Amino acid sequence: MKSLLAAVKSFAANLLLWSLFAGGLAASSASGQVLDGTAKTAATFTGIAVSLVTGSRIAKKPKIKAFLSKTSTLWFLFLFNGGVAAYAYLTMDGAKGIATAAGMGLVSLGAAGGLIGNRRAKSAATKSPAVSEPWA
């Protein structure tokens, strides 16, 4: 069982991590409403970097990792992000539409890779170790 100090430290670390993640998302998406020019660009890219770094740290936590590796979650990510990629490509003009479609398509392909990896892991686990192959 964790001590009270360890529990408080863990809570504070998680709170800081999630706060930085939310702040990075807010800075990357809403800086255009407040800033102009170079400051807007700097705030946007800084927000993107902060949210990517903290998001990858959050994704390594055991509960989040278990949730993201579930087959139903991977199917949702694959279908939803693939649909958004197609919609963005067909409805948005110029580089913004292409970049949005490419980013969402990459997330969809990542989920598809997870689905294939899960399928291979399950098929390897179901093979009986007692049965030997004739060529082995």
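Being a predicted model, the structure only gives us computed values, none of them experimental.

Asker: Help me get a handle on the packing of aromatic side chains, residues and values and all.
Answerer: On inspection of all chains with the given rule, the structure shows 3 aromatic pairs. On the basis of an interplanar angle of 75° and a centroid distance of 5.9 Å, the ring pair of Trp75 and Phe78 is categorised as edge-to-face. Residue Trp75 and its partner Phe78 are both found in helix 4 (residues 71-91); the two are separated by 3 residues, about one turn of the helix. Given a relative accessible area of 27%, Phe78 falls into the partly exposed group.

Asker: Which residues make up the side chain of Ser51, and what values do they have?
Answerer: Along the chain, Ser51 turns up in helix 2 (residues 37-59). Using a relative accessible area of 11% as the deciding quantity, one classes Ser51 as buried. One polar contact links the side chain of Ser51 to the main-chain carbonyl oxygen of Ile48, over a distance of 3.0 Å. The contact partners of Ser51, leaving out residues within four places of it in the chain, are Phe21, Gly24 and Leu25.

Asker: Describe in detail the packing of helix 4 against helix 5 (residues 94-126), supporting the description with residues and values.
Answerer: At a closest axis distance of 8 Å, the pairing of helix 4 and helix 5 adopts a crossing angle of 155°. Judged by the inter-axis angle, helix 4 sits roughly antiparallel to helix 5. Judged by the twist between their axes, the crossing of helix 4 over helix 5 is left-handed. Among the residues forming the contact of helix 4 with helix 5, the class breakdown is 15 nonpolar, 9 polar and 1 charged.

Asker: Summarise a nonpolar patch on the surface; cite the residues concerned and give the values.
Answerer: A cluster of nonpolar side chains, namely Phe45, Ile48 and Leu52, defines an oily patch on the protein surface of about 320 Å² accessible area. Within the secondary structure layout, Ile48 lies in helix 2. The exposure class assigned to Ile48 is partly exposed, which follows from its relative accessible area of 33%.

Rules behind the numbers
Residues numbered from 1 in each chain as written. Predicted model: local features only at pLDDT ≥ 70, side-chain atom pairs only at ≥ 80, totals over all residues. Heavy atoms only, no water. Phe/Tyr/Trp six-rings, centres within 6.5 Å; stacked < 30°, edge-to-face > 60°. Helix = DSSP H or I, 4+ residues; strand = E, 2+ residues; numbered from the N terminus. Buried < 20%, exposed > 50% of the residue type's maximum accessible area, 1.4 Å probe, protein only. Polar contact = N/O pair within 3.5 Å; in protein donor to acceptor, adjacent residues only side chain to side chain. Contact = heavy atoms within 4.5 Å. Axes fitted to C-alpha atoms, helices over the stretch in contact; angles between N-to-C directions. Parallel < 35°, antiparallel > 145°, perpendicular 65-115°, else oblique. Left-handed = near helix turned anticlockwise from the far one by under 90°. Nonpolar A, V, L, I, M, F, W, Y, C, P; charged D, E, K, R; others polar. Patch = residues over 30% accessible without salt bridge, like charges linked within 9 Å, V, L, I, M, F, W, Y side chains within 5 Å. Areas by Shrake-Rupley, 256 points an atom, 1.4 Å probe, with all protein chains shown as cover. Salt bridge = Lys/Arg side-chain N within 4 Å of Asp/Glu carboxyl O.

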